[in-house]
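Residue strings, one per chain:
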Amino acid sequence: MGSHAPFSARSPALRLEIVAQCPTTKARVTRMHLPHFVADMPMFMPVGTQGTMKGLTTQQLEDLDCHVILGNTYHLGQALLDEAQGLHKFMNWNRGLLTASSIDSGGFQMVSLLKLAEITEASWMADGVEFEAPHDGSRMLLTPEKSIDLQNSIGADIMMQLDDVVSSLTTGPRLEEAMYRSIRWLDRCIKAHKRPQEQNLFGIIQGGLEPALRRICIDEMVKRDLPGYAIGGLSGGEEKDQFWRIVTLCTDLLPKDKPRYCMGVGYAEDLVVCSALGVDMFDCVFPTRTARFGNALTASGPMVLRQTQYEHDYRPIEEDCDCLTCKGYTRAYLHTVVTKETIGCHLVSIHNISYQMRLMRGIRESIIAGTFPEFVRTFMVKRFGEGNIPQWIVNAMQSVNIYL
Ligand SMILES: [Zn+2]
């Protein structure tokens, strides 16, 4: 297969082209050829809500150079999606689209599971996961078959398997059970998948913070020879030092000719660290969610635009940002509209997505230029200040030969 693996029988809808490999770290630049787009990676994928990005149009997402976005379609209904010939057409998005197996990586899933945790397992978990619809409280049982059927109607370039999600702090038998169940459900997803020529099914590696369980899960899932793999079950409040060790274990064991996707990761420092550890794809609701509270992402950390210090500040959020918001609006203006007017959330969202895209572009360019270790040092010093870089980041980077 090599670095220019062709679309294969087992992966007819995805080809990974390795563009550059960092000689120091595990970071790499790849191009993922999907049915709708060729995505440059490492990349950040913004999360869409209810078929449209919160406050952003698909044209704006294109202008921001987003290559793949996450679509959440729970409320749309399968009949409508079939009638509209899939979500790409329905939302007028012609680039890469990824769908999660269920509702929303940003909360409903976990809430429902916690709520249902008291129910005896045998009665509900054997077949699927029961969800509560956020808008009307109605219940539905999502099985692996139902999830794939729905995602086949959505028609995204990448769809995620249904997995048994447990909190990243879960340990013991429940964790082991969730891992094995996710493997069994993956097999049911593979069997139910009716459009492998046009859509890629990714497996989700589970196993919490237990290296032994992660190894078993990877071993089993890699045997299924899927087009790509996600690292799931992290970013749930675990110690960061445990987080990066699991990520690096997974990237060590996952095949190099397949994309690796770290789910639910979106803080700038995490994106830099995980890119260095060999992750290709990221998603997170954080940039748009924090925009709602008037927080703008910047190289030196979040800027809380509500604060009175910005009342008479006529500079853009970031001088070197070329987004629509920074080109046309001042911090003073944003200060008066954030958290009050829709336009405030909208403008800060544009900047925040732009910030993420710029960061990922910087990562890719520095890997290609052979200056990625220097990029990491500069980024961390700017973000935390000299001598203030968190120990977990120092440890993580030391594991890939960058000494901060
Ligand atoms: Zn900007």
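Check the entry above for the structure.
What you see is a predicted model, and the numbers here were worked out from it, not measured in a lab. (Residues numbered from 1 in each chain as written. Predicted model: local features only at pLDDT ≥ 70, side-chain atom pairs only at ≥ 80, totals over all residues. Heavy atoms only, no water.)

### A look at the pattern of salt bridges
Between side chains of opposite charge, a pair can form as their charged atoms come close. If you walk through the whole model with that rule in mind, you get 22 salt bridges. The salt bridge partner of K26 is D252, with a shortest N-O separation of 2.8 Å. Here K26, found in the loop between β1 (15-21) and β2 (28-33), pairs with D252, found in helix α9 (residues 240-253); they are 226 residues apart in sequence, far enough to count as distant. Here K26 falls in the partly exposed class, since its relative accessible area comes to 21%. A residue is classified by how much of its surface remains accessible, and D252, at 48% relative accessible area, is partly exposed. (Salt bridge = Lys/Arg side-chain N within 4 Å of Asp/Glu carboxyl O. Helix = DSSP H or I, 4+ residues; strand = E, 2+ residues; numbered from the N terminus. Buried < 20%, exposed > 50% of the residue type's maximum accessible area, 1.4 Å probe, protein only.)

### As for the sheet that holds strand β4 (residues 43-46)
The strand order across the open sheet formed by eight strands is β4-β13-β12-β11-β10-β9-β6-β5, and the pairing between neighbours is parallel. Unpaired on one side and paired on the other, β4 and β5 (68-71) mark the two borders of the sheet. In this sheet, adjacent strand axes meet at a mean angle of 30° when their direction is disregarded. When β5 meets strand β6 (residues 96-99), the two strands line up parallel, connected through four bridges. Across the sheet, L70 pairs through a bridge with L98, a residue of β6. Lying on the sheet, helix α6 (residues 144-154) is in contact with β6, β9 (158-160) and β10 (200-205); it crosses β9 at an angle near 160°. Most of the contacts of helix α14 (residues 342-369) go to β4, to which it runs at about 160°, and overall it touches β4 and β13 (281-284). (Pairing = 2+ DSSP bridges. Axes fitted to C-alpha atoms, helices over the stretch in contact; angles between N-to-C directions. Contact = heavy atoms within 4.5 Å.)

### Comments concerning the coordination of the zinc ion
Taken together, C321 (SG), C323 (SG), C326 (SG) and H351 (ND1) make up the protein donors of the zinc ion, found 2.1 to 2.3 Å from the metal. For the zinc ion, the four donor atoms in the first shell make angles of 98 to 120° at the metal, a pattern classed as tetrahedral. Read N to C, the donor residues that coordinate the zinc ion are spaced as C-x1-C-x2-C-x24-H. (Donors = N, O, S within 2.8 Å, 3.2 Å for Na, K, Ca; no water. Tetrahedral: all angles 85-135°; square planar, octahedral: opposite > 155°, others 65-115°.)

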